[in-house]
Amino acid sequence: MATLIEAAQIGSSPVAVSISDRIKSNPIYRTANSHNQNNQTLFAPDLLKQCLEDKSLRDFTGDLAGVAVALPERLVGLLAASFIAGRKKSKQLGLELVKDESFLPSAQLEIYQALAGIAQDSSFVAFNPKADLRKVLLGHPLSAVGDWLGLLADIGRASRAALAFQTNLEVLVGGVTWMHDNRSFYQFVGKSLSESDLEKGLCLNSDSRRRLYESLGITMNLQDIYRYGNGQGLAGAKLQEIASFYNRLAEVLYGVVDGAISPEMAKVIAGKQLNLASKHLPDSLRLLLECEVATNDTNNPHLEILARVANQFKRLDTDVFRYFFAQWFAQEQYRGSAFKCAVFTERPFDRLFDDLDIQIKNKWCASQSNISRPSPLAAAYFPHYRIGKLQVLPYNPLSLDVLRAKLKSHKQLENLICPLDGSIDRRAVVSLLTDTPPLDRNRLLYDLVSFLMLCQRKVPEAISDACRNLGLWELADVVALVCPEAATSLKQELEIQGNAGQLWTGWLEALQAGGTLPYTPVHIQFLLLDTSAQATIEKSVNIVLLAHDVYQRLTERNWLRAKI
């Protein structure tokens with residue numbers, strides 16, 4: 001367990017150091033640890049290999065080791081799982097690992113247990129140590145109702161990967177026409193949003209996103225659907241052809257006609273069950289069946305596409321299929337050259353695009369010559385951000401739990417998340433952070449701190465102005481209110497600029513060697529932070545307020561014009 005405990009040693013307070021020392025010096029702990037066979041497989045290089053899902057890779061070194069630390073949920077989650085397994089094993093052996101509450105506070109144990117749980121939703125895939133990864137990629141479809149803190153946190157997380165790879169950030173943005181096919185917005189159209197509100201909201205969001213990315217030196221690749229394509233955009237006619245094909249196929253195979261599907265039908269489609277009396281079908285539809293789908297082949301790519309789309313969107317219609325395939329065309333250019341950071345629910349689609357790439361090209365890109373399978377998309381996937389009681393996509397407030405909450409108006413979001421447009425109330429933020437589970441709170445905070453560190457590197461004047469509004473001198477002062485040790489590390493990371501990946505790799509090597517840790521990454525300290533005390537939460541609000549203020553400065557035209 002020493003590895004995880006060493007991580008706790010540089011945690012959020014002197015209390016954590018004291019707890020660590022007592023655990024390591026306790027003879028019962030050492031005895032229990034010697035019986036933890038699972039722990040032996042998690043230490044040193046084997047731990048890094050377990051971060052990868054591509055078992056053919058032998059090494060996880062250099063830049064990749066730095067990325068494992070930069071995006072630490074899986075790495076630290078595996079360590080936490082080992083810690084929990086060691087506790088369980090010690091109890092089975094009749095050993096008492098923890099004597100009282102003061103020895104290992106329940107709040108710290110809660111963090112470890114939660115970390116062990118999120119490892120399965122965190123993954124690194126399709127790594128190739130020899131690949132020339134020239135950019136770190138984010139996917140940020142436009143939002144019709146503005147953005148929330150998760151967008152800034154997502155940028156902060158990806159910025160650490162860019163530092164580890166010593167490369168640039170690029171964001172793939174789904175444009176106004178493309179996002180018209182996003183069904184999540186339509187739950188509120190006719191209620192609190194009109195069609196014109198939808199159009200206006202998407203256009204305004206495109207403008208604010210452009211200013212934000214531009215001010216931070218992030219390349220914005222805006223992709224939209226044009227009727228015939230314009231050389232850079234997505235060809236609407238081709239997408240409509242593809243969407244119409246799958247819409248027709250869904251009707252022929254499952255009787256689904258442009259609409260939502262029942263849970264029962266979803267199971268049928270997921271199982272790729274075909275119970276058709278094809279002799280009763282018109283000749284043209286029977287021919288379609290015979291040519292496109294082998295009814296006894298459950299591995300047929302078209303059936304797989306129908307199953308995945310039905311599972312994700314709970315409906316099958318031309319809008320959904322057009323939206324889905326627009327993603328494939330837009331993302332195709334990044335295979336073999338980019339490293340994508342995304343939420344874990346995007347993984348099934350990315351893997352489907354990789355698995356069926358040749359079939360899709362053969363079916364829909366027949367004019368291409370010498371079609372070959374490109375490198376899979378290298379990526380890391382993470383659990384969704386949660387604020388208060390809701391999980392929300394970082395780039396779209398109208399998503400996940402917000403949709404399931406069945407709000408009467410999208411304006412109710414102001415009380416449920418922290419919107420970036422307009423003002424926010426300190427007391428409301430305290431309430432939201434208090435209602436957020438500790439680990440989710442830690443993850444949101446440390447990614448916001450990384451966003452602010454990116455701003456410090458790119459637009460230091462925005463950070464200075466915003467800090468003064470809080471009555472503080474610099475970013476380190478804001479961080480020190482929550483975690484003094486992290487403020488020291490923050491200054492070190494800002495000083496070395498683009499070599500943070502080497503610094504993180506050195507920390508990991510020292511951690512595994514069991515030696516002294518003179519430095520620990522800022523985000524690791526926040527990840528293991530015990531934020532259960534209300535005073536800590538109230539101090540953490542300053543990070544949220546600072547990020548909110550900086551965002552408004554970066555997206556406000558007059559401020560930007562004054563700085564040029």
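All of these numbers come straight from a predicted model, not from anything done at the bench. (Residues numbered from 1 in each chain as written. Predicted model: local features only at pLDDT ≥ 70, side-chain atom pairs only at ≥ 80, totals over all residues. Heavy atoms only, no water.)

Student: I tried to follow the nonpolar core on my own but got confused; where do I start?
Tutor: Nonpolar side chains in soluble globular proteins generally cluster together in the buried interior. Within the largest apolar cluster, 169 residues are counted, with the highest numbers of intra-cluster contacts made by Leu71, Leu216, Tyr246, Phe339, Phe451, Phe526 and Val550. In this structure Phe451 touches Leu152, Ile155, Gly156, Leu212, Leu216, Ala547 and Val550, once residues within four positions along its chain are discounted. (Core = buried A, V, L, I, M, F, W, Y, C linked by side-chain atoms within 4.5 Å. Buried < 20%, exposed > 50% of the residue type's maximum accessible area, 1.4 Å probe, protein only. Contact = heavy atoms within 4.5 Å.)

Student: What is the right way to read the side chain of Arg74 from this model?
Tutor: When you line up the elements, Arg74 lands in helix H7 (residues 73-92). Engagement of the side chain of Arg74 in a polar contact is seen with the backbone oxygen of Ala119, the distance being 3.0 Å. Every residue in contact with Arg74, bar those within four places of it in the chain, is listed here: Gln50, Cys51, Ala119, Ser122, Ser123 and Phe124. (Helix = DSSP H or I, 4+ residues; strand = E, 2+ residues; numbered from the N terminus. Polar contact = N/O pair within 3.5 Å; in protein donor to acceptor, adjacent residues only side chain to side chain.)

Student: When you look at helix H17 (residues 347-355) in this model, what are you seeing that I'm missing?
Tutor: Those residues of H17 lying buried are Phe349, Asp350, Arg351, Leu352, Phe353 and Asp354. The inward-facing, buried residues of H17 contact strand E1 (123-125), helix H15 (301-313), helix H16 (318-331), strand E9 (338-343), helix H18 (357-364) and strand E10 (378-382).

Student: What exactly am I supposed to notice about unusual backbone geometry here?
Tutor: Excluding glycine, most residues fall at negative phi; most peptide bonds, likewise, are trans. Phi at Gln166 takes a positive value of approximately 55°, unusual for a residue other than glycine. In this fold, Gln166 is placed in the loop between helix H9 (149-165) and strand E3 (168-174). Taking relative accessible area as the criterion, Gln166 reaches 47% and is therefore assigned partly exposed. Of note, the phi angle at Leu400 is positive, near 50°, even though the residue is not glycine. Residue placement: Leu400 occurs in the loop between strand E12 (390-392) and helix H19 (401-404). On the accessibility criterion, Leu400 (19% relative accessible area) is buried.

Student: For this particular structure, what's the right way to read the packing of aromatic side chains?
Tutor: To describe a pair of aromatic rings, one takes the distance between the centres and the angle between the planes. Evaluation of the coordinates by the stated rule reveals 13 aromatic pairs. With 4.8 Å between their ring centres and 85° between their planes, Phe245 and Tyr246 make a pair best called edge-to-face. Classification of Phe245 as buried rests on a relative accessible area of 11%. Residue classification places Tyr246 among the buried residues on the basis of a relative accessible area of 1%. Seen in terms of ring centroids, Tyr246 and Phe325 are 5.2 Å apart; in terms of plane orientation they differ by 20°. Their pairing is stacked. With Tyr246 in helix H12 (residues 236-254) and Phe325 in helix H16, this residue pair connects regions lying 79 residues apart in the sequence. Residue classification places Phe325 among the buried residues on the basis of a relative accessible area of 0%. (Phe/Tyr/Trp six-rings, centres within 6.5 Å; stacked < 30°, edge-to-face > 60°.)

None of the figures reported here should be taken as evidence of function without further support.
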